[in-house]
Amino acid sequence: MFDANDRIELFNDRFAELLGDAASSVHRGASRESLLRATLRHNLFKTPIEDEEAWVKEQMKRLTVRGERNTAAMSDGTWLQILEHTTGAGGRVMILNDVTETLQSRERAKVAEQRLNDAIDALPVGFWLFDATDQLVLFNTVASEKFEGVRRELALGRPIGDLVRRRVELAELVLLNGKPVDDYKLITQTLQDETSQIEVLYSEGRWFRYYTRRTSEGGLVMFRVEITDLREQQRQIEASNTELRAALRKRDEAEQRLQAVADMTSEWYWEQDTKMRLVHISEGFSRAMEVDSKDYIGKTRFEIFGTLPKSAETPFGEMVQKMVAHEPFRDIIFSHRFGPDKTKWVRMSGKPLYSPEGLFTGYIGMAADVTPLYEALREAKQADEAKTQFLNMISHELRTPLTAVLGFNSFLANHTKLPSYNALREALPSGDEATIRAALEQFEKDLGQFTGRIQAAGTQLKALIDDMLDLARIEANNLRLNLRCVESAAVARSVIEQTQTLASEKGLEIKFDLIDAPIYADETRFRQILTNLLGNAYKFTDQGLVEVRSSLQDDMVVFEVQDSGIGISKEMQNQVFDRFAQAKEGTGRRNNGVGLGLAICKDLIAAQNGWIKAKSEIGSGTTMRFALPLWRSKA
């Protein structure tokens, strides 16, 4: 506090502490000007003051209104907010506030939001996110594609009904459950209710299928997948021989597009015959390895790598032994010298190919140059290791369903290679109606399986995005909870009934022993926690039972989800609640997921003043225990 002559009358220890090396200048009777000049002498500010006299003169001015003078970056990396107001006696009060953590939290929130937006924007399908009032809050680049006749740019805040109405006007045909409709209000209601799939034909013969799913907060996620190729295949079944020849041309064009996409990526795919001889490498190999792929085509692995290991003691040896045994392998990392001073680390996956008769015909696989990533892992140790794990896991989990979409779409585009298609084509000239019908049914069954896989991949993408949205909210401290009295036993029974199908598919027995104890919690998040823990129990248990129990412990209600599954090693039990950590011991990564579920559960429980613990033993199962506060009536 300064008097009317700008001399210090009163200050606290924290004020002097924040001034660092200039603290010696802080004493009763010291002038404001001497204090300002002391900060300059000790170089307290991160950015040097060029005109010090002008700066001192400016700082000596009195503010006409009460409030913030400025926020300054200090040389020690902290940020100080300087607040000032005039006292009734003509003096003034200066307040220094350390806002470093606040500014850093905002920056972390921006980074997390940008990561999520980048992941969504990379999706090859249209993506829209609406809030609980069905107003548009997020969309990706594919979603903003303008069809013929569209003049208005896609904008945030636009209601879903407005978007649907405009697209119905542009569409040549809209099918709801296979029947034509033109009532945009009915279509909007169908999308909001998640009750049906809607297929739309736009100009130039482009067909799209729209899916919607509600988020845990009542928002709406909408995906748009182009199904033009699928529709084309359906049309070709009923077409003449001329149309079939046109379809073959379209197949070649689709293959060329796929090849063009493969050639533009930083990864590459490869094929080899029964003798481990490379017969094809995509263009990405030449770009990544900086070599000519023609120098490797026709050569065996022995000719490329020299003597091949006869054991699986090294990652490369493991890959070779998998090939010898005709077994699939995934994400094998090894190094190879592609030239003088040019050692590269390669991540490779592959699976064996078989003829319709069951004979082994070779391998097909994907590979990528992971040299920068591998070197970063070695140099960064624990801190950079966690960051790299994040990038690897998210990339892998996004690529897996996307690869499924592209892969099964490739089957549709190359339908002439399907046995069922060839059977149908051979049956057509015979004129035998029964034979043709049987062949047609088998072909339609194959198409249904492929489209089902594409839809499953889309569902997996949606689940990953939901987890990322929850993670973004948690990191940004923007998680909203509706804490109230929740009947825990009733909710737990409801979740068990909803997940019963997952247990039945694996023949698992479910037991539960629940007490009627109300809890003080958010019901939606409580359901999410139970669903996640039960899902993990079913996923990692092949036989036996899963038990759900609850009990009272002081002022907490303790819940237990116990399974008889594969268990978790002691080493991994300390990491199982970390983000992107999955217990690999005993699972062989046979289950999908990026390791966010338990981490999100931990954060959700902590936000409701609870705790969660894991107890497990390899081969004997796992028990997840968590507690939430018991509801206490104010009366």
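A quick note: this is a predicted structure, and the numbers were derived from the prediction, not measured.

Caption draft 1: A look at the sheet that holds strand E10 (residues 220-226). Spatial ordering of the open sheet is given by E5-E4-E10-E9-E8-E6-E7, a layout of seven strands whose pairing is antiparallel. Of all strands in the sheet, those with a lone pairing partner are strand E5 (136-139) and strand E7 (179-180), marking the two edges. When strand E6 (residues 173-176) meets E7, the two strands line up antiparallel, connected through two bridges. What sits directly across from Leu175, in E7, is Pro180.

Caption draft 2: Geometry of the environment of Val558. Topologically, Val558 is positioned in strand E20 (residues 556-563). You can call Val558 buried: its relative accessible area is 1%. Sequence separation between Val558 and Leu630 is 72 residues; the distance between their C-alpha atoms is 9.4 Å. Not counting the four nearest positions on each side in its chain, Val558 is found in contact with Arg549, Ser550, Ser551, Gln553, Trp611, Arg625, Phe626 and Ala627.

Caption draft 3: Expanded view of the pattern of salt bridges. For the coordinates displayed, the defined rule picks out 32 salt bridges. A salt bridge links Arg37 to Glu53; the shortest N-O distance between them is 2.9 Å. Taken together, the residues Arg37 in helix H2 (residues 32-41) and Glu53 in helix H3 (residues 52-60) connect sequence positions 16 residues apart. The exposure class assigned to Arg37 is partly exposed, which follows from its relative accessible area of 25%.

Caption draft 4: Representation of helix H11 (residues 315-324) in the model. When we look at burial in H11, the residues that qualify are Phe316, Gly317, Met319, Val320 and Met323. Projection of H11 onto a plane perpendicular to its axis shows the buried side chains occupying an angular sector of 160 degrees, all on one side. Buried residues along H11 sit in contact with strand E11 (268-272), helix H10 (301-305), strand E13 (329-337), strand E14 (343-354) and strand E15 (360-369). Following H11 by one or two positions, His326 has its phi on the positive side, about 60 degrees.

Caption draft 5: Quick peek at a positive patch on the surface. A cluster of like positive charges, contributed by Arg245, Arg249, Lys250 and Arg257, occupies part of the molecular surface. Summarising the element assignment, Arg257 is placed in helix H8 (residues 241-264). Residue classification places Arg257 among the partly exposed residues on the basis of a relative accessible area of 46%.

Thresholds applied
- Residues numbered from 1 in each chain as written.
- Predicted model: local features only at pLDDT ≥ 70, side-chain atom pairs only at ≥ 80, totals over all residues.
- Heavy atoms only, no water.
- Pairing = 2+ DSSP bridges.
- Helix = DSSP H or I, 4+ residues; strand = E, 2+ residues; numbered from the N terminus.
- Buried < 20%, exposed > 50% of the residue type's maximum accessible area, 1.4 Å probe, protein only.
- Contact = heavy atoms within 4.5 Å.
- Salt bridge = Lys/Arg side-chain N within 4 Å of Asp/Glu carboxyl O.
- Arc of directions from axis to C-beta.
- Patch = residues over 30% accessible without salt bridge, like charges linked within 9 Å, V, L, I, M, F, W, Y side chains within 5 Å.
- Areas by Shrake-Rupley, 256 points an atom, 1.4 Å probe, with all protein chains shown as cover.
- Lys, Arg positive; Asp, Glu negative; His and termini not counted.
- Charge placed at Lys NZ, Arg CZ, Asp CG, Glu CD.

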